[in-house]
Amino acid sequence: MPTATAEDKVYDGTTQAIGTITLEGAKNNEKPSATATFNFENATAGENKVVNATSITLANTWKANYELSQASVTTTANITKAQGTVTVEVSDWVYGNTPSVPVVESTTNDAKNATYLYSGTTFGGEKYGPSSEAPTQAGTYTVTVTIPGNENYEEVVVTKEVTVSKRTLVVSATANNKQYNGTVATTGNVVLTGATNSEVPTATGTFTFENATAGENKTVNVTSIKLADEFTSNYELDKTTTTATADITKAVLTVTYAGETITYGQKPNLNITVTGFVNSETAETAAGYTAPTLTYSNTKVGKYTLTPAGGKATNYSFTYVSGILEITSKSISSQDITISLSKDE
């Protein structure tokens, strides 16, 4: 009498099975053998599934003395779930952009019902997750994708690395005009464009003219541009140096004639003072300096307003303060008078 045992197998989409036929009732300690075709009743995964052993055939060497009582029997075995085949692709994205959705493809599992868990660390050092919501802060993360199983395939879990990169800000600058002071330092503003989420990042920089000479539309070098700390976790700068233009207006020298009083016939001193030099400069050291002058033409007794004029300098303009030249009458004594008489007088 034949009996059968079948081996468990992993789901492969077929009913094919492997088994062994055992024959009972032989004589003389003989052990006849037989073969059969083994098939599960269906291909679906499950436990204790019926396996049909059919076309049981006695080995030729035993046919002379034995015959089989039946040509088919049944047994049971398990079809275990197979490991599913899944591909997962997820793209990085930039801070402020819509997070990319993982692309899940599978011919074995339920890709449409995949679930996602994100965890990781922001570039600011904060921990994130696990969360089903995609992260919004720039940082490095792991997304764990779980694809449900079904009656024939196991659940599949896939992990992928994803980066939310910092958003790049475009740097430009405006520089402030200044009055000549003998130095190249100036002030200005770093302008940042490209922010998102209504944020207004700020940055600082060092502003210096290429040279200290007065002039218009002069180049200003903006260096050491640094993003404010509170924005560095989500933003980066496209550059740390740039240029702008601004004016260095001339400093103003004040030319003053304090005025003086002289007696008729005397020569005035006509002293003028020049004030307003910067950066320890003097009339002797200021670039392109030519002194202003003061002249007069009236010699009669009276009061005369005299205003300095002229003067030239590379980095200075001039303003003039007038003074009064007063010429007073000269006092004379009898000793100063000479009378000449003729004979007829």
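Predicted, not measured: the structure shown is a model, and the values here were computed from it. (Residues numbered from 1 in each chain as written. Predicted model: local features only at pLDDT ≥ 70, side-chain atom pairs only at ≥ 80, totals over all residues. Heavy atoms only, no water.)

### What to know about the packing of aromatic side chains
We count it as follows: Classification of ring pairs rests on two measures: the distance between centres of Phe, Tyr or Trp rings, Trp counted by its six-membered ring, which must be within 6.5 Å, and the angle between planes, read as stacked under 30 degrees, edge-to-face over 60 and tilted in between. Numbering of helices and strands runs from the N terminus, with a helix taken as a DSSP run of H or I at least four residues long and a strand as a DSSP run of E at least two residues long. Each residue's exposure class comes from its accessible area (1.4 Å probe, protein chains only) as a fraction of the maximum for that residue type: buried when under 20%, exposed when over 50%, partly exposed otherwise.
This structure, assessed with the given rule, holds nine aromatic pairs. Ring centres 5.4 Å apart and planes at 70 degrees place the aromatic pair Phe 277 and Tyr 316 in the edge-to-face group. Placement of Phe 277 in the loop between strand 24 (272-275) and strand 25 (302-306) and of Tyr 316 in strand 26 (residues 316-321) is noted, with a sequence separation of 39 residues between them. Residue classification places Tyr 316 among the buried positions, given a relative accessible area of 2%. Summarising the aromatic geometry, the rings of Tyr 289 and Phe 318 are spaced 6.3 Å apart at their centres and angled 40 degrees between planes, so their arrangement reads as tilted. Pair noted here: Tyr 289 is in the loop between strand 24 and strand 25 and Phe 318 is in strand 26, with a separation of 29 residues, a long-range link.

### Concerning the sheet that holds strand 11 (residues 127-131)
Operational definition: DSSP bridges decide pairing: two strands pair if at least two such bridges lie between them.
The five strands are arranged 8-13-12-10-11 in an open sheet whose pairing can be described as mixed. Of all the strands in the sheet, the pair left with one neighbour each is strand 8 (93-94) and strand 11. The pairing of strand 10 (residues 115-122) with strand 11 spans three bridges and is antiparallel. Each bridged residue has a counterpart across the sheet, and for Gly 120 the counterpart in strand 11 is Tyr 128.

### Observations concerning the sheet that holds strand 25
Selection rule: Convention adopted: a line fitted to C-alpha atoms gives each axis, helices being fitted over their contacting stretch, and angles between N-to-C directions are expressed from 0 to 180 degrees.
Taken in spatial order, the three strands of this open sheet run 23-27-25, and their pairing is mixed. Pairing within the sheet leaves two strands with one partner each, and these edge strands are strand 23 (260-263) and strand 25. Neighbour-to-neighbour, the strand axes of the sheet open up by a mean angle of 20 degrees, direction not taken into account. Pairing geometry for strand 23 and strand 27 (residues 323-328), over four bridges, is parallel. Across the sheet, residue Ile 262 finds its bridge partner in strand 27, namely Ile 327.

### Some thoughts on the nonpolar core
Stated formally: Remark: nonpolar core denotes a set of buried residues (Ala, Val, Leu, Ile, Met, Phe, Trp, Tyr, Cys) joined through side-chain atoms within 4.5 Å. We call two residues in contact whenever any of their non-hydrogen atoms come within 4.5 Å of each other.
In terms of nonpolar packing, the biggest core is built from 48 residues, with Val 104, Ile 147, Val 190 and Leu 192 touching the most fellow members. In this view, Leu 192 contacts Leu 169, Val 170, Val 171, Pro 201, Thr 202, Ala 203, Leu 227 and Leu 237; residues no more than four positions away in its chain are not counted. Residues Ala 17, Ala 43, Val 51 and Ala 53 belong to the second largest nonpolar core, which totals 21 residues.

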